[in-house]
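Structure assessment
Each chain, written out:
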Amino acid sequence: IPSYFDAFDEIVKRGGWVIRMGDNKMMPLPKMPQVIDYAHSEYKSDWMDVFLCASAKFMIGTSSGLYTLSYLFGVPIVMTNNFPAGGSYLSRKDLFLPRLMKKMNGGRMLNLDELMASPYSKGITDGMYANIFNVEVIPNTDWEIKSICIEMMDTLDGSIEYSKDDEKLQETFKAKTTAKEVMVGFPDISIPSRIGKDFLSKHSNLLLN
């Protein structure tokens, strides 16, 4: 959770509030302005879980599954630390960040289209990646999470600007992942959501190789 604090700061700077979902087994948050640690709140309930997910301006999600509530109510999703790719359901208004992967033997970084395709797209437990696929999974950094939240806020307030280089990288990513049928069972259908632009630019070497 500390890797999300910089993103919280950016949201608060724009006048927003952050409501941290979850349960009381999670690490409590330190006191931060306009950040509510609902996971440890006396007001937590099943009904309130649904209400908050349905009424947010956008959801910063992970592949834990709670993001699907926001998705069902049409709330834009910022999907972070996403895997497996085969279990993700996102729309055109959503943004996402995959986790990078590195081969445990030799240290080769997997290409972005490679880590989103079979067999890596079908892992159902964390242990499968190390014990079966022989890869180290690398969480998103503070900066990557912050930058994709800024991208979403810019999108929602209408100030987002994508350069020609941004669009070219997105097109390349979508073409390569479509060719590998990342949308399992849907040949020739591309991933509908955008991968975070700053993340894609930073790791473009893992796309253009």
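As a starting point, this report considers the structure included with it. Within every chain, residues take consecutive numbers counted from 1 along the sequence as written. With the structure being a predicted model, the display of local features is reserved for residues of pLDDT at least 70 and the display and counting of side-chain atom pairs for 80 or more, all residues being used for whole-chain, interface and lining totals. Note that the side-chain values use all heavy atoms of the structure and ignore hydrogens as well as water.

**Observations regarding the overall build of the protein chain**
What counts is decided by this rule: By definition, any uninterrupted DSSP run of H or I lasting at least four residues is a helix, any uninterrupted run of E lasting at least two residues is a strand, and each is numbered from the N terminus. Radius of gyration means the value over C-alpha atoms here, while the globule rule gives 2.2 Å times the residue count to the 0.38 power. Relative accessibility under 20% of the residue-type maximum defines a buried residue, over 50% an exposed one, and the middle range a partly exposed one, all with a 1.4 Å probe and only protein chains included. Here, two residues are considered to be in contact whenever any of their heavy atoms come within 4.5 Å of each other. All accessible-area figures derive from a Shrake-Rupley calculation using a 1.4 Å probe, and residue coverage is judged against the displayed protein chains alone.
Scanning the protein chain from terminus to terminus reveals nine helices and eight strands. Its C-alpha atoms give the protein chain a radius of gyration of 17 Å, near enough to 17 Å, the size a compact globule of 209 residues would have. A principal-axis box enclosing the C-alpha atoms of the protein chain has dimensions of 50 × 40 × 30 Å. In the protein chain, which comprises 209 residues, the share counted as buried stands at 43%. Summarising the internal contacts of the protein chain: among those between residues at least 6 apart in sequence, 52% fall at separations of at least 24. When the accessible area of the protein chain is evaluated, it comes to approximately 11200 Å², of which 56% is carbon and sulfur surface.

**Examining the packing of aromatic side chains**
Any pair of aromatic rings gets described here by the distance separating the centres and the angle formed by the planes. Quick note on the threshold: Note on aromatic pairs: the rings of Phe, Tyr and Trp (six-membered ring only in Trp) are paired at centre separations within 6.5 Å, and the planes decide the class, stacked below 30 degrees, edge-to-face beyond 60, tilted for the rest. Here, a charge over a ring means that NZ of Lys or CZ of Arg falls within 6 Å of the ring centre while also lying within 35 degrees of the ring normal.
Evaluation of the coordinates by the stated rule reveals six aromatic pairs. Ring centres 6.1 Å apart and planes at 45 degrees place the aromatic pair Phe96 and Phe173 in the tilted group. Of this pair, Phe96 sits in strand β5 (residues 95-98) while Phe173 is found in helix α7 (residues 164-179), placing the two residues 77 residues apart along the sequence. A residue is classified by how much of its surface remains accessible, and Phe96, at 1% relative accessible area, is buried. Phe173 sits in the buried class, given a relative accessible area of 1%. Where Tyr120 meets Phe133, the ring centres are 5.6 Å apart and the plane angle is 75 degrees; that geometry is what we call edge-to-face. In this pair, Tyr120 sits in the loop between α4 (112-115) and α5 (126-131) while Phe133 sits in the loop between α5 and β7 (135-138), placing the two residues 13 residues apart along the sequence. Of the residues examined, Phe133 reaches a relative accessible area of 12% and is grouped as buried. Aromatic rings pair up to connect Phe83, Tyr120, Tyr129 and Phe133 into one cluster. The ring centre of Tyr162 lies 3.7 Å from the NZ or CZ of Arg194, which sits over that ring.

**Considering a nonpolar patch on the surface**
The condition that has to hold: Patch definition: residues with relative accessible area over 30% and no salt bridge; like charges joined within 9 Å; nonpolar side chains (Val, Leu, Ile, Met, Phe, Trp, Tyr) joined within 5 Å. By convention in these notes, a salt bridge is any Lys or Arg side-chain nitrogen within 4 Å of a carboxyl oxygen on Asp or Glu.
On the surface, a cluster of nonpolar side chains totalling about 530 Å² of accessible area is made up of Val50, Tyr71, Leu72, Phe73 and Tyr89. Following the sequence through the fold, Tyr89 ends up in the loop between β4 (77-82) and β5. Given the relative accessible area of 53%, Tyr89 is considered exposed.

**Brief notes about the side chain of Glu151**
This is how it is decided: None of His or the chain ends enter the tally, which takes Lys and Arg as positive and Asp and Glu as negative.
Mapped onto the fold, Glu151 is located in helix α6 (residues 142-156). Within the buried set, Glu151 has no salt-bridge partner at all; the shortest N-O distance to an opposite charge, 4.3 Å, is to Arg194. Excluding its chain neighbours within four sequence positions, the residues that come into contact with Glu151 are Leu95, Ile160, Tyr162, Arg194, Gly196 and Lys197.

**Quick notes on the pattern of salt bridges**
Counted under the stated rule, the structure contains eleven salt bridges. Lys44 is the salt-bridge partner of Asp49, the closest N and O atoms lying 3.1 Å from each other. A relative accessible area of 15% places Asp49 in the buried class. Exposure remark for Lys44: the relative accessible area of 30% places this residue in the partly exposed category. Connected via shared salt-bridge partners are Arg14, Asp154 and Asp157.

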